Amino acid sequence: GYITTEVMVVEGDALIYHNILPEGGGHIAADLAYGLECSMLTAEQVKRKFALGSVPQAKIDANDNEGNPLTFDGTFVRAIIEPRVDEIAQLIQESLSSMGLMLSSRNTYYLTGGGLAMMRGGREYLSTQLERAVKAPLPLAAKLNSPMYSSSLGLLELVYESLAQEQE
């Protein structure tokens with residue numbers, strides 16, 4: 001999410017764990033706005049153009065609030081973004097560890113929402129940090145391609161996957 005990150009564990013057709021973490025994609029944008037000395041609008045553009053875990057980008061172009069072009073050093077942007085993403089990944093890991101249940105290494109994590117899910121490379125980077133497979137459900141229709149629907153779509157995909165496993 002943008003303000004928070006929700007962690008949910010589903011077993012079969014039941015939600016067995018739910019926790020809300022106090023950090024999300026908005027914190028990444030706020031870090032960028034502070035570090036790059038730019039507006040939140042510009043920081044959000046930079047965040048969406050940045051590619052996590054990829055070959056370092058030399059520069060990232062964005063616009064200020066008046067539409068004037070700005071260019072930011074990719075290495076400096078990485079130094080701002082990655083520590084926050086690592087912190088969110090650590091909070092997720094700590095949350096899951098504290099729930100008192102052993103998750104199989106085969107369990108898949110689903111990434112939904114507007115924070116890391118909308119960042120290029122977010123799923124892959126988080127998968128590396130959590131040492132788990134991380135899937136991001138794809139919308140079935142273009143009109144559903146919005147963070148507003150992503151959690152629902154993620155749960156639907158989980159139900160369909162569970163049903164397919166039962167039929168095997």
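Before reading further, recall that the structure is shown in the block above.
Bear in mind that the values here come from a model prediction, so they are computed numbers and not experimental data.

Asks: How do you make sense of the pairing of strand 4 (residues 69-73) when you look at a structure like this?
Replies: Every regular strand shows the same layout, with side chains that alternate between the two sheet faces. With five bridges joining them, strand 3 (residues 59-63) and strand 4 adopt antiparallel strand pairing. Across the sheet, residue Asp61 finds its bridge partner in strand 4, namely Thr71. As consecutive antiparallel partners, strand 3 and strand 4 are separated by five residues, and within that stretch Gly67 has a phi angle of approximately 90°, a positive value.

Asks: What is the right way to read unusual backbone geometry from this model?
Replies: Where the residue is not glycine, phi is negative for most of them; where a peptide bond is considered, it is trans in most cases. Positive phi outside glycine occurs at Glu37, with the angle close to 55°. By the secondary structure assignment, Glu37 is in the loop between helix 1 (25-36) and helix 2 (40-49). The class of Glu37 is exposed, set by a relative accessible area of 75%. Of note in this structure, Glu131 is not a glycine but carries a positive phi near 55°. Here Glu131 lies in the loop between helix 4 (122-130) and strand 6 (134-135).

Asks: Please clarify how the environment of Thr5 should be interpreted in this entry.
Replies: With respect to the helices, strands and loops of the structure, Thr5 is situated in strand 1 (residues 5-11). Along the primary structure Thr5 and Gly115 are separated by 110 residues, whereas in three dimensions their C-alpha atoms are 8.3 Å apart. Residues contacting Thr5, with those up to four places away along its chain left out, are Asn19, Ile20, Leu21, Glu23, Gly24, Ile88 and Ile92. Polar side-chain contacts of Thr5 include one of 2.5 Å to the backbone oxygen of Glu23.

Asks: What is the right way to read the nonpolar core from this model?
Replies: The nonpolar side chains of soluble globular proteins are, as a tendency, buried together. In this structure, Leu32, Val77, Ile81 and Leu116 are the most contacted members of the largest nonpolar core, which totals 34 residues. When contributions to this core are tallied by element, the ones reaching two or more residues are strand 1, strand 2 (14-21), helix 1, helix 2, strand 3, helix 3 (74-98) and helix 4. Element by element, the count of residues in this core is highest for helix 3, at eight residues. Sequence-distant contacts of Val77, defined by excluding residues within four places in its chain, comprise Leu32, Leu36, Val46, Phe50, Ile60 and Phe72.

Asks: Just to check I follow, could you spell out the pattern of salt bridges for this structure?
Replies: Side chains that differ in charge, positive against negative, can pair when their charged atoms come close. A full pass over the atoms with the stated rule returns eight salt bridges. Across the pair Arg84 and Glu23 runs a salt bridge, and its minimum N-O distance is 2.9 Å. Of the two residues, Arg84 is situated in helix 3 and Glu23 in the loop between strand 2 and helix 1; the sequence distance between them amounts to 61 residues. You can call Arg84 buried: its relative accessible area is 16%. The class of Glu23 is buried, set by a relative accessible area of 9%. Across the salt bridge formed by Arg123 and Glu124, the nearest N and O atoms sit 3.0 Å from each other. The exposure class assigned to Glu124 is partly exposed, which follows from its relative accessible area of 43%. Salt bridges linked by common partners bring Glu23, Asp31, Arg84 and Glu87 together as one network.

Rules behind the numbers
- Residues numbered from 1 in each chain as written.
- Predicted model: local features only at pLDDT ≥ 70, side-chain atom pairs only at ≥ 80, totals over all residues.
- Heavy atoms only, no water.
- Pairing = 2+ DSSP bridges.
- Helix = DSSP H or I, 4+ residues; strand = E, 2+ residues; numbered from the N terminus.
- Buried < 20%, exposed > 50% of the residue type's maximum accessible area, 1.4 Å probe, protein only.
- Contact = heavy atoms within 4.5 Å.
- Polar contact = N/O pair within 3.5 Å; in protein donor to acceptor, adjacent residues only side chain to side chain.
- Core = buried A, V, L, I, M, F, W, Y, C linked by side-chain atoms within 4.5 Å.
- Salt bridge = Lys/Arg side-chain N within 4 Å of Asp/Glu carboxyl O.

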